[in-house]
Amino acid sequence: MASETNSTNKDPNRENMITTWMPQIGMKFNSTTEAWNFWTFYGGHIGFDVRVNYENKSKTDGVVTSARYVCSNEGYRARDKRDHNTKRPRAETRTGCKVRMGITIDREVGNYEVHELVVEHNHVLQLPGTCHLMPSQRMILSLQAFEIETADDSGIVPKAAHELASRQVGGTTNLGYTRRDHKNYLRTKRHREMMYGEAGTMLKYFQDRKSENPAFQHDIQLDCDEKITNIFWADAKMIIDYAHFGDVVTFDTTFGTNKEYRPFGVFVGFNHFRETVIFGAALLYDETFDSFKWLFNTFLFVHNKKKPRTIFTDQDIAMGKAIQAVFTEAWHGLCNFHIMQNAMKHLPQKKKDEDGPNVLAEFSACMYKYENEEAFEEAFTAIRGKVDTQTWLDSIYKVKEKWARCFMRNAYTLGMRSTQLSESLNSDLKNHLKSDLDILRFFKHLERVVQGKRDNELNEEYESRKKLPRVRIRTPAIIQASKVYTPRIFEDFQNEYERSISAYIKPSEEKNVYNVVIASIDPESMYEEETKVLVDHEEQQVLCSCGQFERVGILCSHALKALDVMNIKYLPSHYILKWWTREARSGTIQDSHGNIVLEDPRMEDRLRLKFFIHKFHGIASKALVSEECSKLVDDALESLSKQVKEKASTNTCRSEAICEEPDSSLQTACLKKKEIQNKNLRRNKSWIEKQRPNKKRKKKAEFVPENQFCSRGEKDMSAAQQQGNTEQPAGINENSLQEYGWMTRLLMGQDDDNLDLQNYMNFPRI
Ligand SMILES: [Zn+2]
Ligand SMILES: [Zn+2]
């Protein structure tokens, strides 16, 4: 303690500080808590651990009348009766140290006074560098608890989170808790969270989300025993996104994402940057017509009854029927990716060096190439002639309107042709996902994945504001388009515009009709297919027979040529689809009760907190230069904290919210458990766990927009062949395997190689 004395002599402020933390006879405290905190602080400063020796309570009113706080080395450990049996007895820690501080109440004033004090220890004290390890000095403050929870929700492992927290305060000695405390805190927190059971925890999660933002929506379906079967939820951003971009939706289910092994369904679409947006998610009990019907109806209700114009799904009979029943006016398309996947299974595949027909390529052409129905029918009949078993061809022909290009002419798809958006989301969800994830972890993980998608949009938004679009042709229409469209859409538009320069107008007998052909760059053919553009000079209308604007929302080269011939040099506003513009998100969104939906009503609070933290941090760093400054800050904070406490009536600290009394309605909630289906192994838990591959997938699914041109022609089929021969997991037959989504199969170790499949995904130009 010599150094302390020295510094006292030099600095009068220091003297003040020491007297405030040194116990003295006659010292007064307002409460026992205050006295105890003082003693703990003193122990931490000197280097000894503390303990309560006793607290005497009055029998009449329960008030503590006297108390004694001691050094933890006080007394001796009682003799262990099993002593002779214990192989590795706990280390002796008690030395009979006499250090103590006794307080008694002054009934008249209502405070406590130190009447007994011993400060001489009979043992070594801890060093300043080891003090923080004493239990009395280890404490997780509420702000730290918040940070621990936030790190956990962000998927940061305790070790890294603890390391980060220590660095922020300049080392583990300043942190106030050890890595083990960190882990223990999380363990108790999880335990506390699950006190409602799985179903209750889920409902609690929904309640919490709703209290954060009242626009959050969820719905559950109960069976006759009041057990939860189906669950749907959508947050404020999803509701906003759907209001802006909900005309074209893909819906897909997958499973193995949650411990319950319920099918997880997600509604997905894209925004003005063609980035994924999420409209809602569901955990289903099963994949029956009734479940889907409930889900789709709930989806509509949550989204203010706005129906999608187009919906893409995987080929599933129950789902298809439910779509027909609920989305009565929507055009239902089948995911081309899934169909191609099945085609590879059911149609003969050509080997690499083999001559003969390439049936798969022909099928792919039926899907993407033919623009008129006769050509499609002819090509399809030709395929039939080359295939022995027709069962699959028959079944896919029955739904040709849902996947063949010639029938999709009037479908408002905006370039979407598959459910790959949702599949890529599902794959993100499965990355780093553990099979034993409880329902709350699953939700948190989903939140992170969804946030990742939202961040993508923010990045696009940032880039679009920072970088000027690359204008290749300086014409009024192009300059105009570069200003209104998002960069990606402008790029598409500019390509169309460029093509329109190569367009011819052929003479036509009909009035107000232009026959347009585009001169081909390909030396083998002179022109591309001819289209008819119906024009109206007065209304500045150009209606092209290729139907691109009606389908994708971007004018085609034919229509652009017609506009040019009509001497219209600017894009008429009715040909600028709001969806594709930089202003796509303008306007407010109302929920079903007419309230405006805010994406983050607490944004202001968060910004303010950030501001305060920066400000405090700045002051604190500056205050370190002298004891005087430090004291000034300390006193000011002390008085400030008292004032704030008086003014603030309620405290909505997050970690405190968890400690609320258990809600009985949450405790009685119950998820309907799945029964083991012997006949169908689709949802067999142990099997999935066994099949979960450890290796990383080779290629990630990517969304291929319709307008992305892929080269056609002879493709390497050997990999496809191998894919067909891939060994199947034991106990699974071809048929049941087929029912899985390709992503699911992929994740289960069925090494579908997307690359080869992509070869057949011949997306033509729009
Ligand atoms: Zn001691
Ligand atoms: Zn056209």
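Below or above, wherever it landed, is the structure these notes cover.

1. Focus on the environment of Asn 271
Okay, so step 1: With respect to the helices and strands, Asn 271 occurs in the loop between strand 9 (264-270) and strand 10 (276-283).
Okay, so step 2: For the pair Asn 271 and Trp 580, spaced 309 residues apart in sequence, the C-alpha separation works out to 8.0 Å.
Okay, so step 3: With residues near it in sequence (within four places) discarded, Asn 271 still touches Phe 245, Val 277, Glu 457 and Ala 584.

2. Overview of unusual backbone geometry
Leave glycine aside and you will find that most residues have negative phi; peptide bonds, for their part, are mostly trans.
Okay, so step 1: Although it is not a glycine, Leu 414 sits at a positive phi angle of roughly 55 degrees.
Okay, so step 2: Classification of Leu 414 as buried rests on a count of 23 C-beta atoms within 10 Å.
Okay, so step 3: Here the phi dihedral of Asn 512 falls at roughly 60 degrees; this positive angle occurs in a residue that is not glycine.
Okay, so step 4: By the secondary structure assignment, Asn 512 is in the loop between strand 13 (503-506) and strand 14 (513-518).

3. Quick notes on the sheet that holds strand 5 (residues 111-118)
Okay, so step 1: Spatially, 5 strands are ordered 1-5-4-3-2 in an open sheet, and the strand pairing comes out antiparallel. Of all the strands in the sheet, just strand 1 (28-29) and strand 2 (50-57) have a single pairing partner and so form its edges.
Okay, so step 2: Of the strand pairs in this sheet, strand 2 and strand 3 (residues 64-71) are connected by 7 bridges, and their pairing is antiparallel. Paired with Glu 55 across the strands is Ala 67, a residue of strand 3.

4. Looking at the packing of helix 18 (residues 476-484) against helix 19 (residues 487-501)
Okay, so step 1: The geometry of helix 18 relative to helix 19 is characterised by a closest axis approach of 9 Å and an angle of 165 degrees between their N-to-C directions. Compared by their axis directions, helix 18 and helix 19 come out roughly antiparallel. Handedness of the crossing formed by helix 18 with helix 19: right-handed. In this structure, helix 18 contributes Ala 477, Ile 478, Ala 481 and Ser 482 to the contact, and helix 19 contributes Phe 490, Phe 493, Gln 494 and Tyr 497.
Okay, so step 2: Residues belonging to the contact of helix 18 with helix 19 are distributed by class as follows: 6 nonpolar, 2 polar and no charged.

5. Quick notes on the sheet that holds strand 7 (residues 228-234)
Okay, so step 1: If you walk across this open sheet you meet the 7 strands as 6-7-10-9-8-11-12, and the pairing is mixed. Edge positions in the sheet fall to strand 6 (217-222) and strand 12 (331-334), since each of these pairs with one other strand and no more. Across the sheet, the axes of successive neighbouring strands diverge by a mean angle of 20 degrees, strand direction being ignored.

So, how was this worked out
- Residue numbers restart at each chain and count upward from 1, following the sequence in its written direction.
- Here the convention is simple: chains get letters from A, ligands get numbers from 1, in the order in which they are written.
- Only residues with pLDDT of 70 or above have their local features reported here, since the model is predicted, and side-chain atom pairs are shown and tallied only from 80 upward, although totals for entire chains, interfaces and linings are computed over all residues.
- Strands here are runs of E lasting at least two residues and helices are runs of H or I lasting at least four, both read from the DSSP assignment and numbered beginning at the N terminus.
- Note that contacts rest on C-beta atoms placed from the backbone: two residues are in contact if these are within 7 Å.
- Exposure is read from a count of other C-beta atoms within 10 Å of each residue's own; the residue is exposed at 12 or fewer, buried at 20 or more and partly exposed in between. C-beta atoms are placed from the backbone.
- Strand pairing is assigned whenever DSSP detects at least two bridges linking the two strands.
- Comment: axis = line fitted to C-alpha atoms, over the contacting stretch for helices; angle = value between 0 and 180 degrees taken between N-to-C directions.
- In these notes the angle categories are as follows: under 35 degrees is roughly parallel, over 145 is roughly antiparallel, 65 to 115 is roughly perpendicular, and the rest is oblique.
- The crossing is said to be left-handed when, going from far helix to near helix, the turn is anticlockwise and less than a right angle, and right-handed when the turn is clockwise.
- When residues are grouped by polarity, Ala, Val, Leu, Ile, Met, Phe, Trp, Tyr, Cys and Pro land in nonpolar, Asp, Glu, Lys and Arg in charged, and all others, Gly among them, in polar.

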